[in-house]
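# Coordinates in review
Listed here are the chains, written in short residue letters.
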Amino acid sequence: MYTRRLLQLLGITLLFLISAPHTYATAVLQEDDARLDNGRLIEAEQILNQMTPEERIGQLFLVTFQGDQAARDSDIANLIINYHIGGVVLKHENQNVTGQGDLQNIPQQVTTLTNDLQRLALLGISSSIVEPTEEAIDTGLVPPTRVAPASSSHIPLIIAVSQEGDGYPHSEIWNGLTSVPNNMAIGATWDISQAAIMGDIVGQELSSLGINMLFGPSLDVLENPASLSENVLGTRTFGGDPYWVGQMAQAYTTGVHIGSQSRIAVVPKHFPGYGSSDRALHVDVPTVRKSLEQLQIVELAPFIAVTAENNNQFAIADALLTTHIRYQGFQGNIRATTNPVSFDQQALSTLLAQEDIANWRTAGGVLVSDSLGVPAVEKFYDDTGQEFPHRLIAKDAFLAGNDLLYLDEFALGSGDFEAELANIQDTISWFQERYEMDASFQQLVDTAVLRILQLKLKLYDDNLSPNNVLIEQEANLQESPENQEALSDLAQNAITLIAPSPSELVARFDQPPSATDNIIIFSEVQSVQQCDICPQQDVFSVTAIEEQILSLYGPTSSGQISPEQISSFSFSALDEFLAEGGEPILYPTEPITNTITISPDATPTAEGDLTPTPSATPLPPDAYLVQEALPNANWIIFGLTNNSHDTSTLSNFLAQRPDLARNSNVVVFAYTVPYLLDSTEISQLAAYFGVYSKSEPFIDSSVRALFQELPLTGNSPVDIPNVRYFLNEQTQPNASQQIDLFVVNEDGEPLGLSDEPLDLTVGDTIRLQTGTILDNNNNAVPDNTIVTFNQRDLVEGTLSIIAEVPTENGVAQLDYLLEARTEDGQFQITAVSGDALISVEINISVGAVEGAAQLSVSTPIPPPTEIPTNTPIPTTTPTPTITVTPIPTTTPTPTPLPPPPIEPGVQISLPEIQVFLGMMLGLAAVAGTNLFFTPSKVNLTHLIGRLMWGLVGGLLFYILTLLAFEETAVFLTLGNWSGLISTLVGGSVGLSLYQFFK
């Protein structure tokens, strides 16, 4: 049943393990990608050359529109056919997603809408007026009823949507699709495969509806969350560590591309990042006090992760969404008139000039502006609120470097779509006029349109024909069992125990809620509407936690909890109770009697009497029920879903009624961000859990955590200062670990698994590799964590640093050269990183004479607590040998340096004597050769001179051989014959040189 999801997970896992191009059906080898991109550029240029100026200008604009249909006579049809807009953005508040009032019909309604929009762009017709024939779709021809050509080039629309997870308010489609969680919930797993699976689900489902652009994911780094204002980012970010946000971004982007078969353009936001912002972007233009260097370290890092060249092409974003923010220190002295980065040509150009981003941009990367009609932009251009200079706003955004201009709420104030429509049409017409008059503007437009055309060709695999763009209707995907299983897995992996520690939690909770306990639950109703004609639906109900408890542990399951034990109230009811200031709520003021009244429409009974209808007994107010229930509660559970109201009510309860909190187990589930409570409030809780998402699988996981059925493996992806949880500490190497150290081959496979030693020669290089170094959250440390390789000379007692190597995927490698020595030596190599000071030891013995060497890796054997101070070198095996020995985990302290060694005595081994005798024999041979070949009549001076040249040459070459210079070390491989042969060679050279110089 889960075959497809398992296959996808396997493929995604392989992607990140081997960092190679994915073997999806549409994938090609990396060298072929460049060829295809070049061919796509040529095709885009051909299309551009066929386009009129009006068609080119229209491609620059993404617009919003009203309604859930795209009839031929609608406003959006006019913009598509006559203004040639490049795309649209679907929003639920514009009534684009309605299902005609039936929530289950939403996927079908959205698919019909997207198909009609594309028909208008490609054929100039809509199914709501004229249904095109199959022949028309296949050939590009249209029925005679067509009124006006859509475009001479038949270019499909971009149809974009925000779908950030967790439903309302940051997703546009809440029904009929899998309710994926928000980014922070994904980040809490610290598992890139989970991010890839969620991206896969989003990509598959959105593409099945005809949507081809995703505004997301958010790559903002929540660096200091507790200091930010309410609802700035919340759970929309993957976390607060730049490296891990980048890793999650790559995985999520990969998943979207694979799930959609590359038919969705991924547009991460909000470039260049506003995680350090102190206010909501759509309210005012924030100012962040950061320099470019600081941006490179934090804000820009995740964006570089999805734009830099990558073996996994699916991990590269198609576009970036620029944001309205100012950076003091980067843009200079910020004033009220300083443009946001999204409108600042110089600032945006500097950011785009960063090497990795520049290469991505050159390859066709697209920039999409954030909404140009948000209150922040309106206020920036006219803080009096009297004017909305729509032309100037669009022009500044385009000249700054944005290719696609997102026109939403594009008028003074909001909700006046007629004014917005007029401004959109006027802006496009004004751009057309400027294109005709301004050559430099024309060049900028053509360059931007070329990028947009390349993107559209990429989305449809270079086939823009209607039969390839239009899609078939698909059934509701919400009940996909594979997707629900994936959500459940993620929810259980994400849930985090924020306080207390795991060991203390066990001490506090000797057992979960039982049949003798009373449970009170406080949460808040959140009801929303997908559209104006849609029914109200609860995002989170007051009884959501209670219902899940009874579902898992109630009478129909384990029978552990009965309905009578649980009472659920809203935070508003608790507010009313606290408002009394501890005074008792007196209710009822008069005794309630079960009076019977006769209804006017009562009917006779069989006996002819009237059937009495009991009058409705008034229920006591919720505040009274809270008052009566709290003193008897063994467990008080708070489900936080609203950042401000829920947290304020909880804080008031803990401050005003500590007596009630002390007598119960107070448990808080944060179905939102995990950092809102202060230290005092947390100290009053029995347990504080980070759940991050309010969807059903996460409610299920929170209840299971309460009943101690989950291992609680999640960790917060953001700082929680009030429990002293900081990411810069959590992502450091874990001090209690032992770092594995291996000798590996070129493929990274450890050697020494068999009994056969590896033959080596002095001068060879061995590759040392650490195991995966873990951080304090038990994840691989971030890339570029420094690992120091140390070498200890066991003879001389010195310790030196060989190299400092950055990690990649948690692992560090070092190539170590086996150097020849004038004396035998013993060395020990270890690896340390941060506070992780214990590692497996590589022990090396190097012989000074023999050139041959052997390398073997033995099974780690715990060494003695003290390293022997003067380990003798075996006289019979003067060759390099390597053994691997771990330091016991029971002694987590660095092995002390050995005491100063005792000066070793002179030891001459048999092989050394043999080499020396070979040298003497060689000198004798050189002298004999000199005498034999010297004429009898030569004078004595020449005889002695030639002899000395020969002897000196032989001795010199012998010495150079022992010193193992690159040119002479080869003689060491001859073993015992090395002395004789090297002396003969050197002597022959000396004799020859004498003849030359005499």
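Nothing here was measured: the structure is a model prediction, and the numbers come from that model. (Residues numbered from 1 in each chain as written. Predicted model: local features only at pLDDT ≥ 70, side-chain atom pairs only at ≥ 80, totals over all residues. Heavy atoms only, no water.)

Okay, the overall build of the chain next. When you go through the chain residue by residue, the secondary structure sums to 31 helices and 32 strands. Sorting the 998 residues of the chain into buried and exposed places 54% on the buried side. Taking as baseline every contact in the chain between residues at least 6 positions apart, the subset at least 24 positions apart corresponds to 76%. (Helix = DSSP H or I, 4+ residues; strand = E, 2+ residues; numbered from the N terminus. Buried < 20%, exposed > 50% of the residue type's maximum accessible area, 1.4 Å probe, protein only. Contact = heavy atoms within 4.5 Å.)

A word on the pairing of strand 4 (residues 213-218). A large share of strand 4 lies buried, amounting to 6 of its 6 residues. Alignment of strand 3 (residues 158-162) against strand 4, held across 3 bridges, turns out to be parallel. Its bridge partner being in strand 4, serine 162 is matched across the sheet by phenylalanine 215. (Pairing = 2+ DSSP bridges.)

The subject of this paragraph is the packing of aromatic side chains. Summed over all chains, the structure comprises 23 aromatic pairs. Aromatic side chains phenylalanine 343 and tyrosine 381 sit 5.5 Å apart centroid to centroid with 75 degrees between the ring planes, which places their arrangement in the edge-to-face category. Of the two residues, phenylalanine 343 is situated in the loop between strand 8 (326-328) and helix 12 (345-352) and tyrosine 381 in helix 14 (residues 375-381); the sequence distance between them amounts to 38 residues. Accessibility classification places phenylalanine 343 together with tyrosine 381 in one group, the buried group. One aromatic cluster is present, built from ring pairs that chain together Phe61, Phe398, Trp430, Phe431 and Phe441. (Phe/Tyr/Trp six-rings, centres within 6.5 Å; stacked < 30°, edge-to-face > 60°.)

A surface patch of nonpolar side chains, about 370 Å² in accessible area, is lined by Ile944, Met948, Val952 and Leu956. As for its position among the elements, leucine 956 is in helix 30 (residues 940-962). (Patch = residues over 30% accessible without salt bridge, like charges linked within 9 Å, V, L, I, M, F, W, Y side chains within 5 Å. Areas by Shrake-Rupley, 256 points an atom, 1.4 Å probe, with all protein chains shown as cover. Salt bridge = Lys/Arg side-chain N within 4 Å of Asp/Glu carboxyl O.)

Another aspect to go through is helix 12. Among the residues making up helix 12, those that are buried are Ala347, Leu348, Leu351 and Leu352. All buried residues of helix 12 project into a common sector of 135 degrees when viewed along the axis, lining one side. Regarding helix 12, its N-cap is aspartate 344, as a side-chain oxygen of that residue lies 3.2 Å from the backbone nitrogen of glutamine 346 further along. (Arc of directions from axis to C-beta. Polar contact = N/O pair within 3.5 Å; in protein donor to acceptor, adjacent residues only side chain to side chain.)

Note that threonine 647 resides in helix 24 (residues 645-656). According to the relative accessible area criterion, threonine 647 is buried, its value standing at 10%. In this structure threonine 647 touches Leu640, Asn642, Leu676 and Leu677, once residues within four positions along its chain are discounted.

The next point concerns the environment of valine 366. Structurally, the position occupied by valine 366 is in strand 9 (residues 366-369). Taking the C-alpha atoms as reference points, valine 366 and glycine 401, separated by 35 residues in sequence, lie 9.5 Å from one another. With residues up to four places along the chain from it excluded, the contact list for valine 366 reads Asp318, Ala319, Leu320, Trp360, Arg361, Asp403, Leu404, Arg451 and Leu455.

This paragraph deals with the environment of phenylalanine 314. The residue phenylalanine 314 is located in the loop between helix 11 (300-305) and strand 7 (319-322) in this model. Note: C-alpha distance between phenylalanine 314 and valine 266 (48 residues apart in sequence) is 10.0 Å.

Right, let's talk about the sheet that holds strand 24 (residues 765-770) for a bit. Spatial strand order, 22-24-27: 3 strands in an open sheet with antiparallel pairing. What marks the edges here is a single partner per strand, and that holds for strand 22 (741-744) and strand 27 (813-817). Within the sheet, the average angular offset between the axes of one strand and its neighbour, ignoring direction, is 35 degrees. Two strands pair when backbone bridges link them, and strand 24 and strand 27 are joined in this way by 5 bridges, in the antiparallel orientation. When the bridges of strand 27 are listed, threonine 765 appears paired with leucine 817. (Axes fitted to C-alpha atoms, helices over the stretch in contact; angles between N-to-C directions.)

Attention shifts here to the sheet that holds strand 19 (residues 665-670). A sheet is described by the order of its strands in space; here 6 strands give the open sequence 11-20-19-18-12-15, paired in mixed fashion. The open sheet terminates on both sides in strands that have one partner only, identified here as strand 11 (496-499) and strand 15 (566-570). Ignoring which end each strand starts from, the neighbouring axes of this sheet average 20 degrees apart. Strand direction decides the pairing type here: strand 18 (residues 635-640) and strand 19, joined by 6 bridges, are parallel. By the bridge assignment for strand 19, isoleucine 636 is matched with valine 666. Lying on the sheet, helix 23 (residues 622-629) is in contact with strand 12 (519-523) and strand 15; it crosses strand 15 at an angle near 140 degrees.

Residues of helix 4 (residues 75-82) that are buried: Ile76, Ala77, Leu79, Ile80 and Ile81. On its buried face, helix 4 sits against strand 1 (61-63), strand 2 (87-89), helix 5 (106-122) and helix 16 (417-437). Trailing helix 4 by a residue or two, histidine 84 shows a phi angle of about 55 degrees, which is positive.

Right, let's talk about the pattern of salt bridges for a bit. In the structure shown here, the tally under the stated rule is 22 salt bridges. A salt bridge links aspartate 446 to arginine 56; the shortest N-O distance between them is 3.2 Å. Placement of the pair is aspartate 446 in helix 17 (residues 439-459) and arginine 56 in helix 3 (residues 53-58), with a sequence separation of 390 residues. An identical accessibility class is assigned to aspartate 446 and arginine 56; each is buried.

One way to put it is that helix 16 packs onto helix 17 with a least axis distance of 6 Å and a crossing angle of 115 degrees. Classified by chirality, the crossing of helix 17 by helix 16 is left-handed. Where helix 16 abuts helix 17, its residues Phe431, Arg434, Tyr435 and Met437 lie against Ala439, Phe441, Gln442, Val445 and Asp446. Taken together, the residues of the contact of helix 16 with helix 17 break down into 6 nonpolar, 1 polar and 2 charged. (Left-handed = near helix turned anticlockwise from the far one by under 90°. Nonpolar A, V, L, I, M, F, W, Y, C, P; charged D, E, K, R; others polar.)

Relative to the elements of secondary structure, serine 162 occurs in strand 3. Other than its neighbours up to four places away in sequence, serine 162 contacts His170, Ser171, Glu172, Phe215 and Lys269.

With that settled, the discussion passes to the confidence of the model for the chain. The predicted model of the chain averages 82 in pLDDT, with 78% of residues at 70 or higher. Contacts of residues 129-133 to residues separated by more than four positions or lying in other chains number 11 contacts, the stretch itself having pLDDT below 50. Ignoring residues within four places in sequence, the model shows residues 139-151, a span with pLDDT below 50, making 29 contacts including any to other chains. (pLDDT = per-residue confidence, 0-100.)

Take the packing of helix 19 (residues 481-494) against helix 27 (residues 696-706) next. In the contact formed by helix 19 and helix 27, the axes pass within 9 Å of each other and the chain directions differ by 45 degrees. Between helix 19 and helix 27, the crossing angle belongs to the class labelled oblique. Helix-helix and strand crossings are classified by hand; for helix 19 and helix 27 the assignment is right-handed. Residues Leu487, Ser488, Leu490, Ala491, Gln492 and Ala494 of helix 19 form the contact with helix 27, whose own contacting residues are Pro697, Phe698, Asp700, Ser701 and Arg704. Looking at the contact of helix 19 with helix 27 residue by residue, the class counts come to 6 nonpolar, 3 polar and 2 charged. (Parallel < 35°, antiparallel > 145°, perpendicular 65-115°, else oblique.)

Once that is clear, we can look at unusual backbone geometry. Note on backbone geometry: most residues besides glycine have negative phi, and most peptide bonds are trans. Residue histidine 270 is reached from lysine 269 by a cis peptide bond, and omega for that bond is 0 degrees. By secondary structure assignment, the location of histidine 270 is in strand 5 (residues 265-271). Here phenylalanine 271 and proline 272 are connected by a cis peptide whose omega angle stands at 5 degrees. Relative to the helices and strands, proline 272 resides in the loop between strand 5 and strand 6 (287-289). We note that histidine 84 has phi near 55 degrees; this positive angle belongs to a residue other than glycine. Among the structural elements, histidine 84 can be located in the loop between helix 4 and strand 2. Accessibility expressed as a relative area gives 14% for histidine 84, which makes it buried.

Taken together, the side chains of Glu576, Glu580, Glu583 and Asp622 define an acidic patch exposed on the protein surface. Structurally, glutamate 576 is set in helix 22 (residues 571-579). A relative accessible area of 43% places glutamate 576 in the partly exposed class. (Lys, Arg positive; Asp, Glu negative; His and termini not counted. Charge placed at Lys NZ, Arg CZ, Asp CG, Glu CD.)

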